[in-house]
Every structure is written in structure tokens, then in C-alpha cells.
Amino acid sequence: MIRHTLLLSLAIVLTTSCSIDRDLAAAPSATTEILVTSEAGAPMELMENVEFSSGTATGTVISVWPDSTKQTVYGIGTSFTESSAFVLAHLKPERRREVMRRIFGEEGADFTLARTHIGSCDFSVEGKYSYTERPDDAGLEAFSIAPDEAGFDPAKHPGVRDPDYDLLPMIREALAIKQEQGGDELRIIASAWTAPPWMKDIETWFIPGSEENGWQGTGGELKVEYEAVYADYLVRYLDAYASAGVDVWGLTPVNEPHGNGGHWESLNFSPQSQNDFIKTHLGPQLARSAHADTRLLVYDQNRDGLEHWTDVIFADPETAPYVFGVAVHWYASTFKVYEDAFDRVHAKFSDMAIIHTEGCIDNLGTAAPGGVADPAGFQESDWFGNDAFWWNPNAADWAYSVDWQGVTAADHPRYTPVHRYARNIILSLDHWGGGWVDWNIVLDSHGGPNHVGNFCGAPIMIETETGEIHYTPVYWVLAQFSRSIRPGDKAVWTRLEMSEELKAGDLYACATVNAAGMLAVQVLNTSKRNVKYNLQIGGRFAEVETPANSVQTLNVSLGE
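Residues numbered from 1 in each chain as written. Predicted model: local features only at pLDDT ≥ 70, side-chain atom pairs only at ≥ 80, totals over all residues. Heavy atoms only, no water.

Describe the pattern of salt bridges, naming the residues involved and giving the relevant values.
Counted according to the given criterion, the structure contains 27 salt bridges. A salt bridge links Arg-101 to Glu-180, with the nearest nitrogen and oxygen atoms 3.3 Å apart. Taken together, the residues span a long stretch of sequence, with Arg-101 in helix H3 (residues 93-104) and Glu-180 in helix H4 (residues 167-181) at a distance of 79 residues. Given the relative accessible area of 24%, Arg-101 is considered partly exposed. When the shortest N-O distance is used, the salt bridge between Lys-223 and Glu-203 registers 2.5 Å. One end of the pair, Lys-223, is in the loop between strand E8 (187-192) and helix H5 (227-243); the other, Glu-203, is in the loop between E8 and H5, with 20 residues separating them in the sequence. According to the relative accessible area criterion, Lys-223 is buried, its value standing at 16%. (Salt bridge = Lys/Arg side-chain N within 4 Å of Asp/Glu carboxyl O. Helix = DSSP H or I, 4+ residues; strand = E, 2+ residues; numbered from the N terminus. Buried < 20%, exposed > 50% of the residue type's maximum accessible area, 1.4 Å probe, protein only.)

What follows is the structure, encoded as C-alpha cells:
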């Protein structure tokens, strides 16, 4: 018997009052609903329910202990960007409303966690804007969030049908949909890509890499004299958004503090400088403001740096009281999830949340910075309207087949988009992750607009000239996760045991339970064949088959 995914910290449970004895766990009689999204079938297709029998299963077994709960889940979600708003502005308002309801409505994905950018980012239409352009405006007298609701001029963008639509109207529309339905709230995390240029030592948005600077581009660092002003800038943003009807649930000091090589807006921090910034400026200013309950998340970059940053910041007794947790991205590898790092961070700092705040297909048929190109040369027709692209190993990161700027090509093999999403979500939740957020929810058929040519995939892609909408398989998989994993749910202990006919990586599984006793089990089958397994809950098990190349959700009532 080959055993996979035996949790690193399972021993912790065995030494506490929490038991994982199968006989002590809840014992259901049958599943209440089985949904599957697969390469061969319809999205979120209903499968026939299965009954449980008494006994202990053998072979391939997914064991779940519903009574042994772990971390609280804050939701599954996506992101608001100016680029997404721009694409949606090309639709007639009633058609756009349909798309937004498919994203945030109960009849759609019903996302409950979201992210947005503070000022411009790479997924801004023209980029290079902040909320105070006046140099040396230390009092922030010129501060205004007007750029977020300025709209798009049809004279400049002839395809725009709703010139008043923009980032802030998009967020308001999502909140209105949530309010109409009275369901779970939408929790929004905001991240700045950069401080206004005049606050930084380079006094510009970013400096691209070139032969002259040894390809060492940069976003620069804060000037010491403007550290307190930048903290005030972030709090002013929270004030302004609250006045505009948008309460921000979480905040990160900056997106990707390691920088991005000067390819677009950025601002560099080290773990120690961010720790000092929070301890001295941002933490106290937030605590004194009307936003003292805003959750402060540190870091906000790739998972491979997670431990070093948390060791510095979480371990500082003066900083830790201001911090809710850590935000991470997935770009360090196309297949590694770094779940072992999640386990170690949780073991050391169990009261801190770990939330994934960004992940996307970040090289959709475009050349990489520094001239590293995807050799396959995909065209737009390969992914737009073509579900097969998303179910097979077609996507490539910028580092595909080339080592550059400290990135190891071996960590970035070609990958299957659906697998990367589902595997990352499942392993994150199974290893103390408290939430998972996708990047742009909507982009055009090219993967933009993007003011620096960094075209990416999105769950929903729209041909802006024709209005054709492609809900990609990634959208349906995210919707399936979101509808069954809700805020306040608890992750529960699981174990996956695979028979010798399967190989490592064929199956992944995790489970969550809600307060009403509904268990949701998520199963990813990456193989190209149907796989039979046994779902063991308590002293009972059910025989289940998961289709080839699929994501399956089993909802099981644990009540009487």
C-alpha cells in the first residue's frame, strides 16, 4: 500500500484531546449531492448519490474525520482589477449584470473573498496612477480615489458601452448583488503595488531592467521621511473607500515586496523593513483609526519565502499584535504548493491566518520579461472558447525551459491550468490555508488589457469586439469550490491512501465541515481514466467513482 498526503502534523492531533479514531467520527448513511466538473462532461454535473456501508475500507481510501476540525475558512474568491472593469464596460449593462451575477450571485460562483489593488498595477489599462500625484504632499491634501471611478472615455476606447463603469463601480455592483440576496458577505482584501513615486527613492513608478543596469530593474524603496506618510496614505484609502460604500476587510502593506525586476509598479521591502514599518507606523495608525478591525496581512508574495517572512514578523512581540496573518502567491512553481512550509508556519504561529491572495496563468502566449518566450507559440484561438486548452498541459510560466533572474526552470514545467488551480486549493486548505483568491476574474480574449504586456489567463474571458463570453473550466471549478466551501467552515483532518495501481499525483483530496453538520469533500483526479475509491467517514464507507480528468465535490450530511 502506498500512502500519500499523511499530514506532517498528524502527530500533534494524536497527542491532544482530538481523536481521529474512525469509530468515533460521524457516520452518514448516504451522500446528499455529488457534483463533478470534468474534461468530458458538463460543468458541475450531478452524479448519482452513493450509500455508506458499515466497515473499514481497503484499497484507495479517502478517510475523513469530521469531528477533528482545524482552521477556519474565510472563503474562496477572485479579484477586482481595473482591467476587469474595462472589459466588462464593453458589455451592455444588462449583459454585464448577468456576468456579475454569475460571479457573485447565489446562482453562480457566489464568491465570498476578493482582492483589489490600491492605485495602479500591471492590470490597469494605462497604469501609473496613485491617489495623490502632487509631489511632496506630506499632508495628503490632494488625496482622491477619483481614478477608481473616472470611467473610460468612448472617444479613446470606441468599444466601451458604459463609460461610467470602472473599478469602484464594479466593486459596488458586486456588493449590491450580495446585499440583494442577503447571503454571506464579500470580504475584500486591498493591496498596493506601490507608493506614489515621490515617496520612493527612485522617484518614479519603476525602472525596467536593461543592459545598462545589468537587467536589474527595480521598484525602489520608501524614503525614510515618507514612511509615516505612506502608512497614512493606506489608512486614507480605507477611509475613502468606506465613504464610497466599500468596507475593506483585509489589507497588505504592499504587493510582492521582493519586487518584480522593474517590469511594472512595485515597491520593495525586506522582511525586517516591513516589520519595522508595521511596528512603527502602519500598525499604530490602523489601531488609532476607524479601521482598527481591518485584518493586516504581511508579505503578499510567493510561498517559497513564507517561512522567512513569518519568522521575522510573527516572532516580533511588538509587531505581532497588529497582524492577522500572511498573504501568499503561487508563482514560485507551477506544481509545488509548499504545503510543508504551511505546516511549519502553523506549528510555530498557530493563531496567524495563511491566505492565498493571488494566482493566475501568467504567460498566456506572451514573451517573458528579458526575452524568454514560450516556444510553443500559442495563439489566441488555442485558449479562447477552447475548453480542452484548460484541461491539458498547455500553460507555461515565464521561466519555461530557461533559468533567469533567480528562477529555476525545473520548478516551472508546462502544466494543466485546471489541475494547478484545484491542486493548489485542495492542498492549501488541507494544510492550514484559510482562504484562496484568484487574480483577475475577467480579461479580454488576449489576456488583457495590461499596460506592460503581461497578458494572463482569467476564469472568464470576453471578446470585447463581439461580446462573446467564455466561461473557462477554471471558472466552473472555482465556482464548484466556492459553493461548497463557505466562510466559517472548518477544515477537517483527512488522509489519502492510494493503491499500487495509482501513482503519486493522480488523486488529491481535502474536506471542510460547516456549523450545520454538512461535510464537503473535494477530490481532484488528474489522470486520464476513471478512478474508484472508498470514502471512509467514521465506521462507514462508500464506494465512489470519480471521472477522468475531473474535480469532484461530495456533500454529505452528518445529521440524523
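Next comes the rest of the account.
Break down the packing of aromatic side chains for me, with residues and values.
Tallied over the full model, the rule gives 27 aromatic pairs. Aromatic pair Tyr-421 and Trp-436: ring centres 5.6 Å apart, planes at 55 degrees, arrangement tilted. Placement of Tyr-421 in helix H11 (residues 417-430) and of Trp-436 in strand E13 (residues 433-440) is noted, with a sequence separation of 15 residues between them. On the basis of relative accessible area, Tyr-421 is assigned to the buried category, the value being 3%. Three or more aromatic residues link up through ring pairs in this structure, and these residues are Tyr-131, Phe-143, Tyr-230, Tyr-233, Tyr-237, Tyr-241, Phe-269 and Phe-277. The side chain of Arg-115 reaches across the aromatic face of Trp-439, ending 5.5 Å from its centre. In this arrangement the basic side chain of Arg-420 is found over the ring face of Trp-330, its NZ or CZ atom lying 4.0 Å from the centre. (Phe/Tyr/Trp six-rings, centres within 6.5 Å; stacked < 30°, edge-to-face > 60°. Lys NZ or Arg CZ within 6 Å of the ring centre and 35° of its normal.)

Mind laying out the layout of surface pockets, listing which residues take part and the relevant values?
By rolling a water-sized probe across the atoms, one finds the places where empty space is left. There is about 900 Å³ of room inside the largest pocket. For the lining of the largest pocket, the residue count by class is 13 nonpolar, 19 polar and 7 charged. In this structure, the second largest pocket encloses a volume near 390 Å³. Surrounding the second largest pocket, 21 residues form its lining, Glu-185, Leu-186, Val-246, Asp-247 and Val-248 being those nearest its centre. Among the elements of the structure, H4, E8 and H5 are those that each provide at least two residues to the lining of the second largest pocket. (1 Å grid on protein atoms, 1.4 Å probe; cavity = no way out; pocket = protein on both sides within 12 Å on 5 of 7 lines; lining within 4 Å. Points joined across faces, edges and corners; volume = space filled by probe spheres on them. Nonpolar A, V, L, I, M, F, W, Y, C, P; charged D, E, K, R; others polar.)

Keep in mind that these numbers describe shape and distance, not what the molecule does.
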